[in-house]
Amino acid sequence: MATTGINYIPAKLVLLGEMGTGKSSLVLRFVKGQFFDYQESTIGAAFFTQTLAVNETTAKFEIWDTAGQERYHSLAPMYYRGAAAAIVVYDISNTDSFTRAKKWVEELRQHGNPNMVIALAGNKADLVDNKQVEAEVAQTYAQDNGLLFLETSAKTAQGVNELFLEIARRLPKANPTQPSRMIVVDRSSERLVSTSYYCC
Amino acid sequence: MDRKRTGVDDFEPGPIPSPRPVDRFGFVKQDQNNSSEGLTKSKPLIDKEREERRARKWRKMIGIGGSDWKHYVRRKPLVVKRRIRKGIPDCLRGLVWQLISGSRDLLLMNAGVYEQLVIYETSASELDIIRDISRTFPSHVFFQQRHGPGQRSLYNVLKAYSVYDRNVGYVQGMGFLAGLLLLYMSEEDAFWLLVALLKGAVHAPMEGLYLVGLPLVQQYLSQFEQLVKEQLPKLGQHFMQEMINPSMYASQWFITVFTYSFPFPLALRIWDVFLFEGVKIVFKVGLALLRYCENELVKLPFEKLINALRYFPQDALNPDVLLPLAYSIKVSKRLEVLTIEYGKRNGELSQPTESRNEQVEVTKQSRK
Ligand SMILES: Nc1nc2c(ncn2[C@@H]2O[C@H](COP(=O)(O)OP(=O)(O)O)[C@@H](O)[C@H]2O)c(=O)[nH]1
Ligand SMILES: [Mg+2]
């Protein structure tokens, strides 16, 4: 920002994934270094920012954490449209959440920004005894689909900073055509094509 | 209601959390924001006396067990409205809520139904509910203990509702409504109050907030955006420039009726009015918050703005400051027009925001 003279590269990032996989916890770990066993459920969406130095530049993440439940699906496009990056989260101790994650990836490929950096995060990696989704399976899926993949634990902090760092590294260096915020100005066209999410 | 049988009782209750100081409403005290402290701290004696005097007036008004209530409302609706706007005495809140929401009648007409739903039916939403149970009011003593009585009741009410109306099932956010109710009444009473709200016993049904596509959320947000533009044009303009739309800050206001991340004393006062007057108070309070902070908000860029819309200053959240401002904002007529317009644009799927005149038969029809 102007005051510090450092050149921040803004990067809009959205978290998607089934409820309870640890999206909010991952953000909280990354932004504040905290973790709560009983993280309050997210209703609607929540916004956070955090900067991260990568080589000679500094990425400034503008993060939208979404409610994960399927019923809230209709609100999600507003947050992933125009996003430069997405983290799709599943819970390694829950196979269904992995299935849901794959659906999110498909949706992002179809409707998201084509240059979007997509990361797949297998969260709750600390729950080794209850592991249901093997890392190799997720890794293969990620490779086939051009995703970044990491196992993370918001609880122990394992992989969390690495995840954001890897994303920052892959962000286009400068992206003048890409507005860093969500494309809400583009409402006029959306109004015509879509009634499936909030528009006026 | 009998709280022994629950769907989660294969688990032993967790340890009772070590006693920490709680505020007058049972929330664990936090250092600063989000606690109800500061607003209720050390009530002066005069306030206490005034509270007692008000409770006496209310007792007289409602009669024993609420027996005089209907009669009184019919005779003096404006007196009732005025008294409710000043806040229902906390000791009578649970009872009065059941009277004004119409839930008491539902309960009486449907003896045994709740128990049936809790004990014999299974729900596709059970896993989702369990996942959210310990994440609903995690800082309240009643809901803190794992598998303790608070969590069990919450589970039962939500499960029962998800069976009662399988189209709605369980949707994140409903837990905060149920949680709030459970602090003031039994499980069964809380369940019927949820039914009264979602099915529309007295006011327009709220279930559209939770149905697939969240149609009523979309409608209310669109109407709210329009009202901001009309009533706070400077701020509306600023929101447009900064690409803020109400879905980013107000969806949880509607989905949880201010029970999510708002100070509890404020939420209660809003609910007093909400149950009597309907959803328009949510619009009014939302607009009042924006108006109170307008001069600050119009100066802020996107990022700070989003934060300011989430964490309002303490003084703005004081019910005795915010609510009078909210009451002074007129929305009813405009809302009616906007509802009709919205309906036309969206194929008449929208729902009225105004109270209904006739009492609706809300029971049984949604069960097989
Ligand atoms: N063991 C473990 N629990 C976690 C982890 N991340 C989140 N949780 C817990 O999982 C639950 C859901 O987390 P939350 O972040 O709210 O999930 P969200 O619904 O995806 O936002 C909470 O009770 C968290 O404490 C993790 O890495 N390990
Ligand atoms: Mg969350």
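What you are looking at is a predicted structure, and each value in this text was computed from that prediction instead of being measured.

### What to know about the overall build of chain B
Counting secondary structure elements, chain B contains 19 helices and zero strands. Out of the 368 residues belonging to chain B, those deemed buried represent 58%. In the structure as shown, chain B presents an accessible area of about 16300 Å², 53% of it carried by carbon and sulfur atoms.

### Describing the packing of aromatic side chains
Counting across every chain of the model gives 38 aromatic pairs over all chains. Judged by centre distance (5.4 Å) and plane angle (90°), the rings of F47 of chain A and F302 of chain B are edge-to-face. Placement of the pair is F47 of chain A in strand β2 (residues 45–54) and F302 of chain B in helix α17 (residues 302–308), with the two residues belonging to separate chains. Across the pair, F302 of chain B and F47 of chain A agree in class, each one buried. Between F224 of chain B and W253 of chain B, the aromatic rings sit 5.9 Å apart at their centres with planes inclined by 85°, giving edge-to-face as the arrangement. Placement of the pair is F224 of chain B in helix α12 (residues 215–231) and W253 of chain B in helix α14 (residues 251–256), with a sequence separation of 29 residues. Side by side, F224 of chain B and W253 of chain B carry an identical accessibility label, which is buried. Taken together, the aromatic side chains of Y220, F224, F239, Y249, W253, F254, F258, F262, F283 and F312 of chain B make up a single cluster linked through ring pairs. Of note, K102 of chain A hangs over the ring of Y141 of chain A, and the distance from its end group to the ring centre comes to 5.6 Å. Above the ring of Y72 of chain B, the side-chain terminus of R75 of chain B is found at 5.6 Å from the ring centroid.

### Considering the site of ligand 1
Near ligand 1 there are 20 residues, and of these K23, S25, D37 and D126 of chain A together with R135 of chain B occur at the shortest range. Between ligand 1 and T21 of chain A, the relevant distance is 3.3 Å, taken from an oxygen atom to a main-chain nitrogen or oxygen of the residue. In the environment of ligand 1, a nitrogen atom lies 2.7 Å from a nitrogen or oxygen atom belonging to the side chain of D126 of chain A. When ligand 1 sits alone it has 580 Å² of accessible area, and the protein chains cover 91% of it. Here the element with the most residues in the shell around ligand 1 is helix α1 (residues 23–32) of chain A; it accounts for three residues. Looking at the shell around ligand 1 residue by residue, the class counts come to five nonpolar, eight polar and seven charged.

### Observations regarding the confidence of the model for chain B
Reading predicted coordinates in detail is not appropriate for stretches of low pLDDT. Residue and element names in this part refer to chain B. Scored by pLDDT, chain B has a mean of 88; 86% of the residues are at 70 or more. Below pLDDT 50 for its whole length, residues 1–10 participates in 25 contacts with residues either more than four positions away or in separate chains. Every residue in residues 355–368 scores below 50 in pLDDT, and together they form 33 contacts with partners more than four places removed in sequence or on other chains. Here the predicted complex carries an ipTM of 0.83, next to a pTM of 0.87.

### Details of the coordination of the magnesium ion (ligand 2)
Residue and element names in this part refer to chain A. Summarising the metal site, the magnesium ion (ligand 2) is bound by the protein donors S24 (OG) and T42 (OG1), whose distances to it range over 2.1 Å. Of the two residues, S24 is situated in helix α1 and T42 in the loop between α1 and β2; the sequence distance between them amounts to 18 residues. Across the pair, exposure class does not vary: S24 and T42 are buried alike.

### A short note on the sheet that holds strand β6 (residues 148–151) of chain A
Residue and element names in this part refer to chain A. Across the sheet, which stays open at both edges, the six strands sit in the order β2-β3-β1-β4-β5-β6 with mixed pairing between neighbours. Among the strands making up the open sheet, the edge pair consists of β2 and β6. The average undirected angle you get between the axes of adjacent strands in this sheet is 25°. Relative to β6, strand β5 (residues 117–123) is paired through four bridges, and the arrangement is parallel. Residue pairing for β6: A121 is matched across the bridge by L150. In the packing of α1 onto the sheet, the strands contacted are β1 (8–16), β2, β3 (57–66), β4 (85–91) and β5, and the crossing angle to β3 comes to about 150°.

### With respect to α12 of chain B
Turn by turn, an α-helix covers 3.6 residues, leaving residues three or four places apart pointing in a common direction. Across its 17 residues, α12 of chain B extends 24 Å between first and last C-alpha, which sits within 8% of the 24 Å expected from 1.5 Å per residue. Residues L216, V217, Q218, Q219, Y220, L221, S222, Q223, F224, E225, L227 and V228 of chain B constitute the buried set of α12 of chain B.

### Quick notes on the UniProt feature "domain: Rab-GAP TBC" (unreviewed entry) in chain B
Following the UniProt record, one finds the feature "domain: Rab-GAP TBC" (unreviewed entry) at residues 87–278 of chain B. Taken end to end, residues 87–278 of chain B has its terminal C-alpha atoms 15 Å apart, with 62% of it in helix and 0% in strand.

### Some thoughts on the pairing of β3 of chain A
On a regular strand, one side chain projects to one face of the sheet and the next to the other, so that they alternate. Residue and element names in this part refer to chain A. Counted residue by residue, β3 has nine buried out of ten residues, so it is predominantly covered. Relative to β3, β1 is paired through eight bridges, and the arrangement is parallel. Of the residues in β3, the one forming a bridge with I9 is A59. The antiparallel pairing of β2 with β3 creates a hairpin that spans two residues between the two strands, and N55 there sits at a positive phi of about 50°.

### Observations regarding the pattern of salt bridges
Summed over the entire model, instances satisfying the criterion amount to 21 salt bridges over all chains. Note that E296 of chain B and K299 of chain B form a salt bridge whose closest N and O atoms lie 3.7 Å from each other. Among the charged side chains, a network of salt bridges with common partners joins E18 of chain A together with D128 and R131 of chain B.

### A closer look at the domain arrangement of chain B
Residues and elements named next belong to chain B. Here the domain parsing of chain B yields domain 1 (54–86), domain 2 (90–201) and domain 3 (209–345). Once you take the C-alpha centre of each, domain 1 and domain 2 turn out to be 26 Å apart. Each side of the interface is counted separately: domain 1 has nine residues, and domain 2 has eight residues. Between domain 1 and domain 2, the buried area comes to about 700 Å², and carbon and sulfur atoms account for 78% of it. For K70, the salt bridge is made with D105, and the minimal N-O distance between the two is 3.2 Å. For the pair domain 1 and domain 2, the number of links is one residue pair in polar contact (both at pLDDT 80 or more).

### Brief notes about unusual backbone geometry
Positive phi outside glycine occurs at A157 of chain A, with the angle close to 80°. With respect to the helices, strands and loops of the structure, A157 of chain A is situated in the loop between β6 and α5 (160–170). Owing to a relative accessible area of 30%, A157 of chain A belongs among the partly exposed residues under this scheme. One non-glycine residue with positive phi stands out, namely H147 of chain B, at about 60°. Considering the arrangement of structural elements, one finds H147 of chain B in the loop between α8 (141–144) and α9 (149–164).

Calculation criteria
- Residues numbered from 1 in each chain as written.
- Chains lettered and ligands numbered in written order.
- Predicted model: local features only at pLDDT ≥ 70, side-chain atom pairs only at ≥ 80, totals over all residues.
- Heavy atoms only, no water.
- Helix = DSSP H or I, 4+ residues; strand = E, 2+ residues; numbered from the N terminus.
- Buried < 20%, exposed > 50% of the residue type's maximum accessible area, 1.4 Å probe, protein only.
- Areas by Shrake-Rupley, 256 points an atom, 1.4 Å probe, with all protein chains shown as cover.
- Phe/Tyr/Trp six-rings, centres within 6.5 Å; stacked < 30°, edge-to-face > 60°.
- Lys NZ or Arg CZ within 6 Å of the ring centre and 35° of its normal.
- Near = heavy atom within 4 Å.
- Polar contact = N/O pair within 3.5 Å; in protein donor to acceptor, adjacent residues only side chain to side chain.
- Nonpolar A, V, L, I, M, F, W, Y, C, P; charged D, E, K, R; others polar.
- pLDDT = per-residue confidence, 0-100.
- Contact = heavy atoms within 4.5 Å.
- Donors = N, O, S within 2.8 Å, 3.2 Å for Na, K, Ca; no water.
- Pairing = 2+ DSSP bridges.
- Axes fitted to C-alpha atoms, helices over the stretch in contact; angles between N-to-C directions.
- Expected span 1.5 Å × (residues − 1).
- UniProt positions renumbered as here; feature names shortened; annotations may be inferred.
- Salt bridge = Lys/Arg side-chain N within 4 Å of Asp/Glu carboxyl O.
- Domains from an automatic or database assignment.
- Buried area = accessible area lost by both parts, 1.4 Å probe.

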